[in-house]
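Here is how the chains run, residue by residue.
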Amino acid sequence: MSRTGTTDDGDELLTRLGALTAQARAQAEMQRSRVELAHALQRGMLPRDLPVARRLRLAVRYAPACQGLNVGGDWYDAFTLGDGRIGLSIGDIQGHNIEAAAFMGQVRAGLRALASVTSDPGEVLARTNELLLSLSSDLFATCTFMRLDPCAGVLESARAGHLPCVWATADGKSGVAEDEGGPPLGILAGVSYPVTRYELTTGAVFVLLTDGVVEGPCLRLEEGLDQVMRLVGLAAVAGMDVDALAAALIKGAERVGHDDDAAVLVVGLDGPEAQP
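The structure presented is a predicted model; accordingly, all values stated were derived computationally and were not measured.

Student: I tried to follow the overall build of the protein on my own but got confused; where do I start?
Tutor: Each helix and strand counted, the protein has 5 helices and 10 strands in total. The 276 residues of the protein split such that 49% are buried. In the protein, once contacts between residues fewer than 6 apart in sequence are set aside, the share between residues at least 24 apart is 73%. Per element, the accessible surface of the protein, about 13300 Å² overall, is 54% carbon and sulfur.

Student: Is there a simple way to explain the pairing of strand β4 (residues 141-149) in this structure?
Tutor: Here is the key point about a regular strand: its side chains alternate between the two faces of the sheet. By the criterion of burial, β4 is predominantly enclosed, with 8 of the 9 residues buried. Where strand β3 (residues 86-93) and β4 come together, 8 bridges link them in antiparallel fashion. Counted as the bridge partner of D92 is T142 from β4. In this structure, β4 lies alongside strand β5 (residues 154-160), joined through 6 bridges in antiparallel fashion. Bridging across to β5, F145 finds its partner in A158. The antiparallel pairing of β4 with β5 creates a hairpin that spans 4 residues between the two strands, and G153 there sits at a positive phi of about 70°.

Student: Any chance you could explain the sheet that holds β4 here in plain terms?
Tutor: Sheet strands associate in pairs through backbone hydrogen bonding, adopting either a parallel or an antiparallel arrangement. The sheet built from 5 strands is open, its strands ordered β2-β3-β4-β5-β8 with antiparallel pairing. Only two strands of the sheet have a single partner each, and these edge strands are β2 (75-80) and β8 (196-199). Averaged over all adjacent pairs, the angle separating strand axes in this sheet is 15°, with direction ignored. Sheet contacts for helix α2 (residues 98-115): β2, β3 and β4; angle to β2, the most-contacted strand, approximately 20°. Across the sheet, helix α3 (residues 121-134) touches β4 and β5, and the angle it forms with β5 is around 25°.

Student: Any chance you could explain the side chain of S119 here in plain terms?
Tutor: The topology assignment puts S119 in the loop between α2 and α3. Within the structure, the side chain of S119 is placed 2.8 Å from the side chain of R147, a separation counted as a polar contact. The contacts of S119, once residues within four sequence positions are left out, are L81, D83, R85, V124, F145 and R147.

Student: Looking at this structure, how should I read α3?
Tutor: At 3.6 residues per turn, the α-helix brings residues three or four places apart onto the same side. The first and last C-alpha atoms of α3 sit 20 Å apart over 14 residues, in line with the 20 Å expected at 1.5 Å per residue. As for α3, its buried residues are in contact with α2, β4 and β5. A distance of 3.2 Å separates the backbone nitrogen of G122 from a side-chain oxygen at the start of α3, and that oxygen is part of D120. Note on α3: the residue one or two positions beyond its end, S136, has a positive phi of about 55°.

About the thresholds
Per-chain numbering applies: the sequence of each chain, read as written, is numbered from 1 onward. For a predicted model such as this one, the threshold for reporting local features is a pLDDT of at least 70, and the threshold for listing and counting side-chain atom pairs is 80 or more; totals across whole chains, interfaces and linings nevertheless cover every residue. Here the side-chain values reflect all heavy atoms present in the structure, with hydrogen atoms and water set aside. Only DSSP runs of H or I covering at least 4 residues are called helices, and only runs of E covering at least 2 are called strands; the numbering of each starts at the N terminus. Residue exposure (1.4 Å probe, protein chains only): buried if accessible area is under 20% of the type maximum, exposed if over 50%, otherwise partly exposed. Contact between two residues is taken to exist if any of their heavy atoms lie within 4.5 Å; hydrogens are not considered. Method for areas: the Shrake-Rupley scheme with a 1.4 Å probe, in which residue coverage is limited to the protein chains shown. We treat two strands as partners when DSSP finds at least two bridges between them. Inter-axis angles, ranging from 0 to 180 degrees, are taken between N-to-C directions of lines fitted to C-alpha atoms, where helices are fitted over the stretch in contact. In protein, a polar contact requires one atom able to donate a hydrogen and another able to accept it; more generally it is a pair of N or O atoms within 3.5 Å, and residues adjacent in sequence count only if both atoms are side-chain atoms. In this scheme, a helix's expected span is set at 1.5 Å multiplied by one less than its residue total.

What follows is the structure, encoded as structure tokens:
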């Protein structure tokens, strides 16, 4: 083989490698742009302000996936209902892409709109389920929706395939909610979602979260919920500020061993004499 032939082959190989490198770089930049857009969608769809009411203490934390090129569709929401009670929701969209982030916005908006018609948690989830089925999307959502009367200390909850809540009281009791729940939203038609009623005492804490906080390659779900339960129990006994508790919980999400989104919504109740 001549020297010229060898040189030509080498040049052709370098050209091909250069083209492949440029193609890979362009694809990576495109995917990175999609992730940045999805994060912007998430930030824009999450509530900027939390409702204020007598006795009520609310705190939230949200940590988008920060490794790799995936992005999920976790969300939280808290808003005042027409009768003055508080609507609370948290959920997770199946999938990790920009479509999941956009679908999250549809679900959250649908929950809010339907809660203005009927605030019964089971009915809100049932109607949202039918709404999502009418969209004919391949995606589905897990969700918990709650209606809270902070003055009376009554919390009503319905769950659609989502993680159970964690609770604790100021006298040292704590646990994982054992409400029945129903299937995720957007899968089966004609589903009903049972409602569980809780009586909150002064100093009680309820924590809503997504699986990015408690489950991953380094942590089984049961272990993660147990860790959260112990932390929430200690926080309730110590009278820890709900904002500090939310920060501690989202910090723990770093130990689960994956790059999923993570969301936390902490609900606390002060005594009847407290002011907002």
